[in-house]
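Coordinates in review
Here are the chains, one letter per residue:
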Amino acid sequence: MLIKRPSDNPSSDITPKDIYLNRRQFIAGAAVAGAAAVTGLGLREVAEPSLVAEANAKIDGLQKSPFSSTEKQTPYKDVSNYNNFYEFSTDKYEPAGLAKNFKPRPWTVTIDGLVKKKQELDVDAILKMAAPEERIYRHRCVEGWSIVVPWIGFSLSELIKRAEPLGKAKFVEFTTLYDPKQMPGQRVPVLKWPYVEGLRMDEAMHPLALLCFGMYGEILPNQNGAPLRITIPWKYGFKSAKAIVRIRFTEGQPMNSWQLSASNEYGFYSNVNPNVDHPRWSQAKERRLGEFLKRPTLMFNGYDQVAGLYSGMDLKKNF
Ligand SMILES: Nc1nc2c(c(=O)[nH]1)N[C@H]1C(S)=C(S)[C@@H](COP(=O)(O)O)O[C@H]1N2
Ligand SMILES: [Mo]
């Protein structure tokens, strides 16, 4: 696998940041490391039992994607500290802290519904299905802010193809973990838990739809949806479900959490569309995190290559 374990780093490569961010495993190894310092063994040896895909572990061998934006990337500290993740909190500054002890491993993802290969997959088996790519995508929240993020993953179609959906399968539903012990926001009924999202099959198969497990060269931090999320760059951010435990193939259009909570405000499609206002605010402009002036929002968030998926559809009705 291309995920570099901390133990694969020559000790000279280990920066203070690596040590800080992987501190739990380093603390676990600390007693041994102390001994190693005395005996002259390197960290290489002592860190060996530590795990693969910890938050912030580096991901090696990333392919560059032709879909990447060349716009200025939003700083990591903003993308990892300003999060919509209602399972933890409705306050965007809180998930980073509240998700610190969240356990993204071990983790299984159930693939079921209308597929030939119903199965339970270990998340790390999913990560190995295809070569990881870096995709620098714009991400537009329905609330009017946007970010540019170097996500890491591969096309969702890679997983879908392997599941062998039946001809009847027309939609894909994604379900987030339900675990109020770990996710304090789920103790409050702000949404109907668990969080669910859905895509039409051709949307899910579009090469831009990303199955995502990393960002900024590293494994995802918990607040950004570890261990596995989707990132659908032409749709409002809420379609990009985090911490996915189930991928189900259906014949009928699945409901999604936001539609369930306010169907007059949030539709199934939720394509970024500057011409269709949210009932309570305009969608014509957006503010890039860290910038002062607003910029115009682009149709499909600028991803014109998806337009064909919606030809003949009234996108005012199908918002
Ligand atoms: N399970 C789950 N997924 C979710 C959300 C959520 O509250 N719960 N929020 C959505 C919204 S509104 C946005 S804008 C993005 C934010 O992703 P980010 O924090 O990685 O930027 O996650 C989406 N996925
Ligand atoms: Mo959002």
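What comes next concerns the included structure. Sequence order sets the numbering: in each chain, residues are counted from 1 along the sequence as written. Going through the entries in the order they are written, you letter the chains from A and number the ligands from 1. Residues qualify for local features only when their pLDDT is at least 70, as the model is predicted, and side-chain atom pairs are given and counted only at 80 or more; totals for whole chains, interfaces and linings, by contrast, use all residues. To obtain the side-chain values, all non-hydrogen atoms of the structure were included, while hydrogens and water were left out.

**So, the site of ligand 1**
- Only a single heavy atom is needed: when it lies within 4 Å of a molecule or strand, its residue is near that molecule or strand. Inspection of the region around ligand 1 gives 19 residues, with Y86, E87, R229, S240 and K242 positioned closest.
- Take N84: an N or O atom from its main chain is 3.1 Å from a nitrogen atom of ligand 1.
- The term polar contact refers here to a pair of N or O atoms within 3.5 Å; inside protein, the definition further demands a hydrogen-donor-capable atom paired with an acceptor-capable atom, and it admits residues adjacent in sequence only when both atoms are side-chain atoms. Between ligand 1 and Y86, the relevant distance is 2.8 Å, taken from an oxygen atom to a main-chain nitrogen or oxygen of the residue.
- Helical segments are the DSSP runs of H or I of at least four residues, strand segments are the runs of E of at least two, and each set is numbered from the N terminus. Looking at the shell around ligand 1 element by element, the count peaks at three residues for strand 5 (residues 145-155).
- Among the residues forming the shell around ligand 1, the class breakdown is nine nonpolar, seven polar and three charged. Under the scheme applied here, ten amino acids are nonpolar (Ala, Val, Leu, Ile, Met, Phe, Trp, Tyr, Cys and Pro), four are charged (Asp, Glu, Lys and Arg), and all others, including Gly, are polar.

**Overview of unusual backbone geometry**
- In this model, W193 is joined to P194 through a cis peptide bond whose omega is -5 degrees.
- Residue placement: P194 occurs in the loop between strand 6 (171-176) and strand 7 (196-200).
- One non-glycine residue with positive phi stands out, namely F300, at about 50 degrees.
- Considering the arrangement of structural elements, one finds F300 in the segment after strand 13 (295-296).

**Section: the nonpolar core**
- The biggest cluster of nonpolar side chains holds 82 residues, and the ones touching the most others in it are W234 and F249.
- Secondary-structure elements contributing two or more residues to this core are strand 2 (108-113), helix 7 (123-127), strand 5, helix 8 (156-163), strand 6, helix 9 (201-205), strand 8 (210-215) and strand 11 (244-250).
- Ranked by the residues each element gives to this core, the list is headed by strand 5, at six residues.
- For F249, the residues in contact, after removing those within four places along its chain, are I111, D112, G113, L114, V115, I160, A163, P165, A169, F171, V172 and M201. What makes a nonpolar core is a set of buried Ala, Val, Leu, Ile, Met, Phe, Trp, Tyr and Cys residues whose side-chain atoms join them at distances within 4.5 Å. A 1.4 Å probe rolled over the protein chains alone gives each residue an accessible area, and that area as a share of the maximum for its type sets the label: buried under 20%, exposed over 50%, partly exposed in between. By definition in these notes, contact holds between two residues if any of their heavy atoms fall within 4.5 Å.

**Observations concerning helix 8**
- Residues of helix 8 that are buried: L156, S157, L159, I160 and A163. Down the axis of helix 8, the sector holding all buried residues measures 160 degrees, keeping them to one side.
- Looking at the residues trailing helix 8, positive phi occurs at E164, about 55 degrees. Think of the arc as the fan of directions from the helix axis to the C-beta atoms.

**A word on the pattern of salt bridges**
- Salt bridge, as used here, is a side-chain nitrogen of Lys or Arg placed within 4 Å of a carboxyl oxygen of Asp or Glu. The tally for this structure, following the rule as stated, stands at 21 salt bridges.
- Across the pair K64 and E134 runs a salt bridge whose closest N-O atoms are separated by 3.5 Å. With a gap of 70 residues between them, K64 in strand 1 (residues 63-64) and E134 in strand 4 (residues 133-140) connect regions that are remote in the sequence.
- Residue classification places K64 among the exposed residues on the basis of a relative accessible area of 67%.
- Given a relative accessible area of 14%, E134 falls into the buried group.
- Note that R295 and E71 form a salt bridge whose closest N and O atoms lie 3.5 Å from each other. On the criterion of sequence distance, the pair formed by R295 in strand 13 and E71 in the loop between strand 1 and helix 5 (76-79) is long-range, its members being 224 residues apart.
- Within this structure, E71, R138, R140, E286, R288, E291 and R295 form a network of salt bridges that share partners.

**Regarding the sheet that holds strand 2**
- Two strands pair if DSSP finds at least two bridges between them. Strand order in this open sheet of five strands is 3-2-11-6-7, and the pairing throughout is mixed. Taken across any chain shown, the strands that pair with only one partner, and hence form the sheet edges, are strand 3 (119-122) and strand 7. Within this sheet the neighbouring strands show an average axis-to-axis angle of 20 degrees, counted without direction.
- Of the strand pairs in this sheet, strand 6 and strand 7 are connected by five bridges, and their pairing is antiparallel. Bridge pairing in strand 7 places V172 opposite L199.
- Each of strand 2, strand 3, strand 6, strand 7 and strand 11 touches helix 8; the most contacted strand, strand 11, lies at about 60 degrees to it. Angles run from 0 to 180 degrees between N-to-C directions of axes, and those axes are lines fitted to C-alpha atoms, restricted for helices to the stretch in contact.

**Looking at empty space enclosed by the protein**
- Site definitions follow a grid-based scheme: protein atoms alone, a 1 Å grid, a 1.4 Å probe that fits but cannot get out for cavities, and for pockets an open set with protein on both sides within 12 Å along at least five of seven lines, plus lining residues having an atom within 4 Å of a point. Grid points are joined across faces, edges and corners, and a volume is the space filled by probe spheres set on the points. Across all of its chains, the model carries two cavities of 30 Å³ or more by this definition.
- Taken as a whole, the second largest cavity holds about 30 Å³ of empty space.
- Contributing to the lining of the second largest cavity are R138, H139, R140, T231, I232, P233, K235, Y236, G237 and S240.
- The dominant element in the lining of the second largest cavity, judged by the number of residues it contributes, is strand 4, at three residues.

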